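# Architecture at a glance
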Number of protein chains: 2
Amino acid sequence: MIRVGIVGYGNLGRSVKKGIDAISDMEVAGIFSRRKLDIDLYRPLENINEYKDQIDLLILCGSSDKDILSQGPELLKSFNTLDSFDNHAKIKDYFHEMDNIGKENGNLALISTGWDPGLFSLNRIIGQAVLPDGKYFTLWGKGVSQGHSAAVRSIDGVLDATQYTIPKPEILDKIRKDEEFDFDSHKAHLREVYAVVEDGADRKIIEEKIKTMPDYFAPYETFVHFISQEDLDKNHKKMVHGGHVIRRGKASGEGNALMEFNLDLESNPDFTAAVDIAYARALYRLAKEGKKGAITVLDVAPKYLSEESYDSLLNFI
Amino acid sequence: MIRVGIVGYGNLGRSVKKGIDAISDMEVAGIFSRRKLDIDLYRPLENINEYKDQIDLLILCGSSDKDILSQGPELLKSFNTLDSFDNHAKIKDYFHEMDNIGKENGNLALISTGWDPGLFSLNRIIGQAVLPDGKYFTLWGKGVSQGHSAAVRSIDGVLDATQYTIPKPEILDKIRKDEEFDFDSHKAHLREVYAVVEDGADRKIIEEKIKTMPDYFAPYETFVHFISQEDLDKNHKKMVHGGHVIRRGKASGEGNALMEFNLDLESNPDFTAAVDIAYARALYRLAKEGKKGAITVLDVAPKYLSEESYDSLLNFI
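Rules and cut-offs
Residues numbered from 1 in each chain as written. Chains lettered and ligands numbered in written order. Predicted model: local features only at pLDDT ≥ 70, side-chain atom pairs only at ≥ 80, totals over all residues. Heavy atoms only, no water. UniProt positions renumbered as here; feature names shortened; annotations may be inferred. Helix = DSSP H or I, 4+ residues; strand = E, 2+ residues; numbered from the N terminus. Rg over C-alpha atoms; globule rule 2.2 N^0.38 Å. Buried < 20%, exposed > 50% of the residue type's maximum accessible area, 1.4 Å probe, protein only. Contact = heavy atoms within 4.5 Å. Lys, Arg positive; Asp, Glu negative; His and termini not counted. Charge placed at Lys NZ, Arg CZ, Asp CG, Glu CD. 1 Å grid on protein atoms, 1.4 Å probe; cavity = no way out; pocket = protein on both sides within 12 Å on 5 of 7 lines; lining within 4 Å. Points joined across faces, edges and corners; volume = space filled by probe spheres on them. Nonpolar A, V, L, I, M, F, W, Y, C, P; charged D, E, K, R; others polar. Polar contact = N/O pair within 3.5 Å; in protein donor to acceptor, adjacent residues only side chain to side chain. Least-squares fit on C-alpha atoms with pLDDT ≥ 70 in both. pLDDT = per-residue confidence, 0-100. Pairing = 2+ DSSP bridges. Axes fitted to C-alpha atoms, helices over the stretch in contact; angles between N-to-C directions. Parallel < 35°, antiparallel > 145°, perpendicular 65-115°, else oblique. Left-handed = near helix turned anticlockwise from the far one by under 90°. Core = buried A, V, L, I, M, F, W, Y, C linked by side-chain atoms within 4.5 Å. Expected span 1.5 Å × (residues − 1). Buried area = accessible area lost by both parts, 1.4 Å probe. Salt bridge = Lys/Arg side-chain N within 4 Å of Asp/Glu carboxyl O.

- Identification of chain A as Meso-diaminopimelate D-dehydrogenase from Anaerococcus murdochii is taken from an unreviewed UniProt entry.
- Per UniProt, chain A carries the Catalytic activity (unreviewed entry) text "meso-2,6-diaminopimelate + NADP(+) + H2O = (S)-2-amino-6-oxoheptanedioate + NH4(+) + NADPH + H(+)".
- Its UniProt record gives chain A the following Subunit (unreviewed entry) comment, quoted word for word: "Homodimer."

## Quick notes on the overall build of chain A
- Looking only at helices and strands, chain A features eleven helices and 14 strands.
- By the compact-globule yardstick of 20 Å for 317 residues, chain A fits well, its C-alpha radius of gyration being 22 Å.
- Dimensions of chain A, computed from C-alpha atoms along their principal axes, come out at roughly 60 × 60 × 35 Å.
- Buried residues in chain A amount to 60% of all 317 residues.
- If you take every contact in chain A between residues at least 6 apart in sequence, the share linking residues at least 24 apart comes to 68%.
- The centroid of the 40 positive side-chain charges in chain A is displaced by 1 Å from the centroid of its 51 negative side-chain charges.

## Focus on empty space enclosed by the protein
- Enumeration according to the criterion identifies four cavities of 30 Å³ or more in this entry.
- The wall of the largest cavity is formed by Leu119, Leu122, Asn123, Ile126, Met259 and Phe261 of chain A together with Leu119, Leu122, Asn123, Ile126, Met259 and Phe261 of chain B.
- Split by residue class, the lining of the largest cavity holds ten nonpolar, two polar and no charged.
- Space inside the second largest cavity adds up to approximately 80 Å³.
- What lines the second largest cavity is a set of 13 residues, and nearest its centre among them are Leu122, Val300 and Pro302 of chain A together with Leu122 and Pro302 of chain B.
- Residue assignment for the lining of the second largest cavity shows that the elements contributing at least two residues are helix H4 (119–130) of chain A together with helix H4 (119–130) of chain B.
- When the residues that make up the lining of the second largest cavity are grouped by side-chain class, the tally is 13 nonpolar, no polar and no charged.

## Here's the deal with the side chain of Gln128 of chain A
- Residue position: Gln128 of chain A is located in helix H4.
- Overall, Gln128 of chain A belongs to the buried group, its relative accessible area being 8%.
- Of the polar contacts made by the side chain of Gln128 of chain A, one reaches the side chain of Ser306 of chain B; its length is 2.8 Å.
- Non-local contacts of Gln128 of chain A, meaning those with residues more than four positions away in its chain, are made with Arg247 of chain A together with Ser306, Glu308, Leu313 and Phe316 of chain B.

## Section: the relation of the copies chain A and chain B
- Note on the identical chains: chain A maps onto chain B by a rotation of 180° and an axial translation of 0.0 Å, with an RMSD of 0.1 Å. Such a combination of rotation and displacement between the chain copies is what one expects of a two-fold axis.

## A look at the UniProt feature "domain: Meso-diaminopimelate D-dehydrogenase C-terminal" (unreviewed entry) in chain A
- Annotation from UniProt places "domain: Meso-diaminopimelate D-dehydrogenase C-terminal" (unreviewed entry) at residues 114–267 of chain A.
- Here residues 114–267 of chain A is 31% helix and 36% strand, with 13 Å between the C-alpha atoms at its ends.

## Comments concerning the confidence of the model for chain A
- On average, residues of chain A score 96 in pLDDT, and 100% of them reach the 70 mark or higher.
- Prediction confidence for the complex, expressed as pTM and ipTM, is 0.96 and 0.96 respectively.

## A word on the sheet that holds strand E12 (residues 241–251) of chain B
- The six strands are arranged E7(A)-E12(A)-E13(A)-E13(B)-E12(B)-E7(B) in an open sheet whose pairing can be described as antiparallel. The open sheet is flanked by strand E7 (134–140) of chain A together with strand E7 (134–140) of chain B, the only strands paired with a single partner. Across the sheet, the mean angle from the axis of one strand to that of its neighbour is 10°, orientation sign disregarded.
- When strand E13 (residues 255–265) of chain A meets strand E13 (residues 255–265) of chain B, the two strands line up antiparallel, connected through nine bridges. Within the sheet, the bridge partner assigned to Phe261 of chain A lies in E13 of chain B and is Phe261 of chain B.
- Along the sheet, helix H6 (residues 169–176) of chain B makes contact with E7, E12 and E13 of chain B, crossing E12 of chain B at roughly 25°.

## Here's the deal with the packing of helix H1 (residues 11–21) of chain A against helix H10 (residues 268–288) of chain A
Residue and element names in this part refer to chain A.
- Viewed as axis vectors pointing N to C, H1 and H10 meet at an angle of 55°, and their least axial separation amounts to 8 Å. As far as their axial angle goes, H10 and H1 are oblique. For the pair H1 and H10, the sense of crossing is right-handed. Residue-level inspection shows Asn11, Leu12, Ser15, Val16, Lys18, Gly19 and Ile20 of H1 in contact with H10, the latter providing Pro269, Asp270, Thr272, Ala273, Asp276 and Ile277.

## As for the sheet that holds strand E5 (residues 81–83) of chain B
Residue and element names in this part refer to chain B.
- Spatially, seven strands are ordered E3-E2-E1-E4-E5-E6-E14 in an open sheet, and the strand pairing comes out parallel. Strands at the two margins of the open sheet, each flanked by one partner only, are strand E3 (42–44) and strand E14 (293–295). Taken pair by pair, the neighbouring strands of this sheet meet at an average axis angle of 25°, ignoring direction.
- In this sheet, E5 lies alongside strand E4 (residues 57–60) in parallel orientation, the contact comprising three bridges. The residue bridging Ile59 from the neighbouring strand is Leu82, located in E5.
- Against the sheet, helix H3 (residues 91–105) touches E5, strand E6 (108–110) and E14, its axis set at about 140° to E14.

## Some remarks on the nonpolar core
- Of all hydrophobic cores here, the largest spans 159 residues; its most connected members are Phe271 and Tyr279 of chain A together with Phe271 and Tyr279 of chain B.
- Not counting chain neighbours up to four residues away, the residues in contact with Phe271 of chain B comprise Val130, Leu131, Ala251, Ala257 and Met259 of chain A together with Trp115, Leu119, Leu263 and Leu265 of chain B.

## Quick look at helix H10 (residues 268–288) of chain B
All names here are of chain B.
- The terminal C-alpha atoms of H10, which comprises 21 residues, lie 30 Å apart, in line with the 30 Å expected from a rise of 1.5 Å per residue.
- For H10, the tally of buried residues reaches 16 of 21 residues, placing the bulk of the element in the interior.
- Capping the start of H10, Ser267 holds a side-chain oxygen 3.1 Å from the backbone nitrogen of Asp270, two or three residues further along.

## Quick word on the interface of chain A and chain B
- Facing 69 residues of chain A, the contacting portion of chain B comprises 69 residues.
- In terms of surface lost to chain B, no three residues of chain A exceed Leu298, Phe316 and Ile317 of chain A, which account for 14% of the buried area on that side.
- The interface formed by chain A and chain B holds four salt bridges in total.
- Among the ionic pairs, Lys18 of chain B bridges to Glu254 of chain A, the shortest N-O distance being 3.5 Å.
- Along the contact surface separating chain A from chain B lie 37 residue pairs in polar contact (both at pLDDT 80 or more).
- At the level of secondary structure, the elements contributing two or more residues to the side of chain A that touches chain B comprise H1, helix H3 (91–105), H4, E13, H10 and helix H11 (310–313) of chain A.
- With eleven residues, the top contributor of residues to the side of chain A that touches chain B is E13 of chain A.
- Grouping the constituent residues of the side of chain A that touches chain B by class yields 38 nonpolar, 17 polar and 14 charged.

## Structural notes on the environment of Asp86 of chain B
- Along the chain, Asp86 of chain B falls in the loop between E5 and H3.
- Asp86 of chain B gets classed as partly exposed once you look at its relative accessible area, which sits at 40%.

In C-alpha cells form, the structure reads like this:
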C-alpha cells in the first residue's frame, strides 16, 4: 500500500481523496489543512512532521502561486512530494529549487503534473521528438476558467457567473488541414460568459465592462449571456474542461504528419487528480529505486504509472 | 554522433535513411541487405559483424514474421537493436527471448516501437493508468493496407489495386459521445477498394470475389470502385495511414473523461521511421547508462527521445 498525505482540501484535494479510495494500491494516510476540517483523517498542517513515518508521499493540492511555491520547498525537506504547479513561466526556477532541496534532504519531488502541465507537456515533448521539423499548437476548452469567472463576478451588479474558454472550430480545422496562417492563441479561442445580474442592473454597461476588461477579455472575441441563477446553477456549475495538443510536421523530412491529443473532461479536478494519482505511483517507485531531487513527466517511463505488472502491460503494446 | 546501421532497405529502411539524414545527432553508418543494392553505404548483411566497431545500434527494417523474428535474436548477440515488430500476438514471447539474449550478450534491444505498436501502445497504457475504470478503443485509418491490396491483386482479372481501411465516423461519434454499444472492430471499420481490371473482365464477379474473401473482406462492409490505372497511379499510390486510440472512463471514480490520440499520416513508413529514430536515440542513451536486455516504449522516459537538453525541454512543460 502506498500511503498518501493530501495537503489542501479544495476541489483538487477532494478529487484526489475520491480517486485514491477508488483504487487498491494506495490509501489516504492523512488530509492536512491549515483550516480545521470536520472530516475523517483531518490533521492540522502545522503538525505534519509528526506523521512522517506514516506517509510515503504527499500530494500538494493548494494553488500554485499562493500555496505550492512556499509549501513545496518546505515539505520536500521531510517528504516526497507531488504537485500540479501550473505557472508555466516559473516552472524552470521551481524545478531547480526543488531539485536542490530534494537532493540535500534525500527526498524526491515530482512537479507540474496533471493535464496541462502534465499529459499535454508529454504530448508536446513527444511531438517535438518525433517531428522535430514541425509546429505545435495547444488549445484549451471547452472549459470553465475559474479566474475569468471570478473576474466577471467582481463587476458591480453581477451576482454570479461562469466563463467558458472555447477553441474556435475554424482554427482547429485550419490546423488539421495544414493551412498556412498566423496562429495567435488570443484569436484561436473565444470566451463565453453566463452571468446572473441584479434586478434593474444595466446589462449593456455590464456587457461592455466584461468585454473591455484588459488581459482577461479585451483581446478575445467574447459573448455574454444573461441568465437566471436557477439556470446557472443547473447548467453551468460543472467544472468541465479539456483541450487539444496538436503537432504538425514533416516525418523523416518528408511525409506530412499530424499528431493530436484531445481531452474532453466532465470534471477538471477529477481528471487532474487521476493523473496525479498515476504519477504518484511513479514517484513512489522511483523514490524506492533511490532517485532524489526533482523530476517531471519528462523523467517517468510509462511502466511506472500503472498498477498492472510489466507482463500484463505487454498486452497493451 | 549516434552511428546507426539500417538492416533491410524496403519502404521503412528508405524512410529511416531520409529521417537520419534530416537530423544532426545521428548518421547512417551502413545499409545492410541480403540482396545487393546499388547505393552508397551498402554492405552485404552476411558481413555485418565486421562493422561492429563502427555502429552504435541497428534499426531492423524487415518484415516482422519473415525477417525480424530470426534477425533480431541473431543480431542482438553483437549489436544493440531497435525494431518495429508488430505481430501483437507474439510480442510477449519475442520480448522475453530478446531480453534473455540481450542480457547474455551485454546488449540492449528496444522492440515493437513505431506507431502501432509504439505511440498507440503508449496511449493505451497511459489511458489505462490514468483511467483504470474505463474502456479503450483502437481504430485504424484512413489507411492503405498492403496485405489487403495484395489480396485484391491476386484475383484473376485484377491488374492493380489499393485498399483503404476506414473507421466508420458514426462509430467514432458513439465512442466520443459515450453511448453504450457493443464495440466490434470488424463492424467499426469499412473497407474501400480501388481496382484496375483487364478489359472485358466481369466486374460483377470480381466485386463479389473481393467482398466474400474470408477474413480479409467477408466480415467487413466493403465498397469496390473500378478505376483506370492512370487514376490509381495519380490518386491512390501514397501510403497514407493513421488512426485513433480512445480511452473513456471515470476519472477519480466519478467525472467522465475522454482521452483521444489521433494520427493522420501522409506516409506510413516516413512516420514509423520518425518514431523509430526518436526511440533509437533513447536506446542509445539507455545502453550508455548500462541497461541490457530488452525494453519497449513502456521503459522509455520522454526525455530520452529528444535531441534537446533537459532544460530546454522544460520549456515544453
